[in-house]
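# Structural features, examined
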Amino acid sequence: MSAIKFGPLTPHDFSSPEPLPRSAKQRVKSLLESGRLFRYQQVEDVATLEQQFSKYIGSRFAVACNSGGCSIFLALLALGVKPGDSVLTCSHTLAPVPGAIVHAGAKPIFVDTDPNTLSIDLDDLERKANASKSNVVVVSYMRGRVPDIDRMLSIADRCGLAIVEDCAHTLGATWTSATTTSNVPKHIGLFGSIGCWSLQTNKCINAGEGGLLSTDREDLAAYLTVATGSYGHFSLNGASPPDVFVEKLYPSMPNFSMRLNTIAAAIALPQLGQAITNKVKAWDRNMRILRSVLDSCQHTRIIGTDPRYAPAWSSVQFDLVGFDADMIKEYLKRAHEQGIPLAWFGGAWKGFTSTLRDWKFADGTG
Ligand SMILES: *Cc1c(COP(=O)(O)O)cnc(C)c1O
């Protein structure tokens, strides 16, 4: 135990959110004064967010919704997941991911985690895709960790799997496919059928609550436009397909009323674009410092990333080498006393961290 020493850090709560941009405050004030908080009454805010988000990410379409968890639910329905179906997903993710699958009436099949990437184990994905009838996988890039995306795409192709990308931790991160001749980095979230994003306080964009969906497919975007709850006002969406595609679906599908409200959009808007780029740069600088500290200690090891991947380091993961459970608990306790929020993947459910063991509702390991 005597080997664990922290430097002279000033106690500081590293998990507390940053203040929000002043322009958001002004916009929210005027929205409150107008009372127009419904997105189809005060059209500009949510529609502009959808437009600017699709432009930033590089997707043809984007639809806003009320949360990241609901964005995954809506994505599954758009892809035709029916009650009783199986949906493949990562075993290392956050509870709303299996929650969204159960919300859609489906059953999660949990795929192992690859200790080398801390992301979905692609061999196990292929095995479980072949052994099940599932034709959808929700790949959750938990803590910004991604698998070999090129290989994931070829497996999905071989197994006939549609991919939903849970990008709650990867906003601002890109992957450059070895196969693209032009070698252009693409935003994470553009590789599957639908990308899902969260605007909850603990994410890159903090709007309190909220979600975004991105896709290049007209049929999926039309579905999402109606399903989020557009009451026939779909022409007022910001980055949806032409009305003719949406109108066709309108009478035949439910309105789930999972809209984003104008206040959340007004708060999110100034955090887009350059603000993300700045954040990613700052995280990169922090990561370089942390890496030099953690790598110089024989007990800590940061797991590396693929050279094709440009991460957005909103959090850092490291191994504690040669520590037993008691030592890890002591390490967490001391870090906590310094205001450093550490979570232990192997530990007990606490706050936001839970694991497969805790998701009794999901009932099954495939
Ligand atoms: C936050 C989060 C979600 C869900 O987002 P909510 O907006 O809280 O519903 C999904 N997946 C991961 C990995 C997350 O961190």
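Here's a quick rundown of the structure. Since the structure is predicted, the reported quantities are computational estimates derived from the model, not experimental observations.

## Digging into the site of the ligand
Near the ligand you find 14 residues, and of these Gly-69, Asp-166, His-169, Ser-198 and Lys-203 are the closest. Ser-198 is positioned with one of its side-chain polar atoms (N or O) 2.7 Å from an oxygen atom of the ligand. Interatomic distance of 2.5 Å between a side-chain N/O atom of Lys-203 and an oxygen atom of the ligand. Expressed as a share of its isolated accessible area of 380 Å², the protein-covered part of the ligand is 93%.

## Considering the sheet that holds strand β13 (residues 309-310)
Pairing is antiparallel in the open sheet, where three strands are placed in the order β9-β8-β13. On the outer flanks of this sheet lie β9 (186-187) and β13, each paired with one strand and no other. Of the strand pairs in this sheet, strand β8 (residues 174-175) and β9 are connected by two bridges, and their pairing is antiparallel. The partner of Thr-174 across the bridge, within β9, is His-187.

## Description of the pattern of salt bridges
Summed over all chains, the structure comprises 17 salt bridges. A salt bridge links Arg-60 to Glu-218, with the shortest nitrogen-to-oxygen separation between them at 3.7 Å. Of this pair, Arg-60 sits in the loop between α2 (44-57) and β1 (61-65) while Glu-218 sits in helix α7 (residues 218-227); the two residues are 158 residues apart in sequence, bridging distant segments of the chain. The exposure class of Glu-218 is partly exposed, given its relative accessible area of 23%. Among the ionic pairs, Arg-158 bridges to Glu-126, the shortest N-O distance being 2.9 Å.

## Considering unusual backbone geometry
For Tyr-231, which is not glycine, the phi dihedral falls at a positive 50°. Locating Tyr-231 in the fold gives a position in the loop between α7 and α8 (243-249). Notably, Ser-257 is not glycine yet its phi reads approximately 50°, a positive angle. Structurally, the position occupied by Ser-257 is in the loop between α8 and α9 (262-268). Since its relative accessible area comes to 37%, Ser-257 is described here as partly exposed.

## Points about the nonpolar core
Within the largest apolar cluster, 55 residues are counted, with the highest numbers of intra-cluster contacts made by Leu-49, Leu-125, Leu-171 and Ile-188. Ignoring sequence-local partners within four residues, the contact set of Ile-188 consists of Tyr-141, Val-146, Ile-149, Glu-165, Cys-167, Thr-170, Ala-173, Thr-174, Trp-175, Trp-197 and Tyr-309. Of all hydrophobic cores here, the second largest spans 35 residues; its members include Phe-73, Ala-106, Ile-194 and Met-258.

## Brief notes about helix α6 (residues 149-159)
All buried positions along α6 are accounted for by Ile-149, Asp-150, Met-152, Ile-155, Ala-156 and Cys-159. Along its buried surface, α6 packs onto α5 (122-131), β6 (136-140), β7 (162-166) and β8. Looking at where α6 begins, the residue whose side-chain oxygen comes 3.1 Å from the main-chain nitrogen of Asp-150 is Asp-148.

## Examining the packing of aromatic side chains
For the structure shown, the criterion picks out nine aromatic pairs. Between Phe-318 and Tyr-331, the ring centres sit 6.2 Å apart and the planes meet at 65°, which makes this aromatic pair edge-to-face. Taken as a pair, Phe-318 in strand β14 (residues 318-320) and Tyr-331 in helix α11 (residues 325-337) lie far apart in primary sequence, 13 residues in all. Under the relative-accessibility criterion, Tyr-331 is labelled buried at 11%.

## Thoughts on the side chain of Thr-174
Counting through the fold element by element, Thr-174 comes out in strand β8. Those residues in contact with Thr-174, other than ones at most four positions away along the chain, are Pro-185, Lys-186, His-187, Ile-188, Arg-308, Tyr-309 and Ala-310.

## Overview of the layout of surface pockets
The volume enclosed by the second largest pocket comes to roughly 220 Å³. For the lining of the second largest pocket, the secondary structure elements donating two or more residues are α3 (68-78), α4 (96-103) and β10 (194-198). Broken down by element, the lining of the second largest pocket gets its largest block of residues, four residues, from α3. Along the lines of polarity and charge, the residues of the lining of the second largest pocket split into nine nonpolar, 10 polar and three charged.

What counts and what doesn't
Residues numbered from 1 in each chain as written. Predicted model: local features only at pLDDT ≥ 70, side-chain atom pairs only at ≥ 80, totals over all residues. Heavy atoms only, no water. Near = heavy atom within 4 Å. Polar contact = N/O pair within 3.5 Å; in protein donor to acceptor, adjacent residues only side chain to side chain. Areas by Shrake-Rupley, 256 points an atom, 1.4 Å probe, with all protein chains shown as cover. Pairing = 2+ DSSP bridges. Helix = DSSP H or I, 4+ residues; strand = E, 2+ residues; numbered from the N terminus. Salt bridge = Lys/Arg side-chain N within 4 Å of Asp/Glu carboxyl O. Buried < 20%, exposed > 50% of the residue type's maximum accessible area, 1.4 Å probe, protein only. Core = buried A, V, L, I, M, F, W, Y, C linked by side-chain atoms within 4.5 Å. Contact = heavy atoms within 4.5 Å. Phe/Tyr/Trp six-rings, centres within 6.5 Å; stacked < 30°, edge-to-face > 60°. 1 Å grid on protein atoms, 1.4 Å probe; cavity = no way out; pocket = protein on both sides within 12 Å on 5 of 7 lines; lining within 4 Å. Points joined across faces, edges and corners; volume = space filled by probe spheres on them. Nonpolar A, V, L, I, M, F, W, Y, C, P; charged D, E, K, R; others polar.

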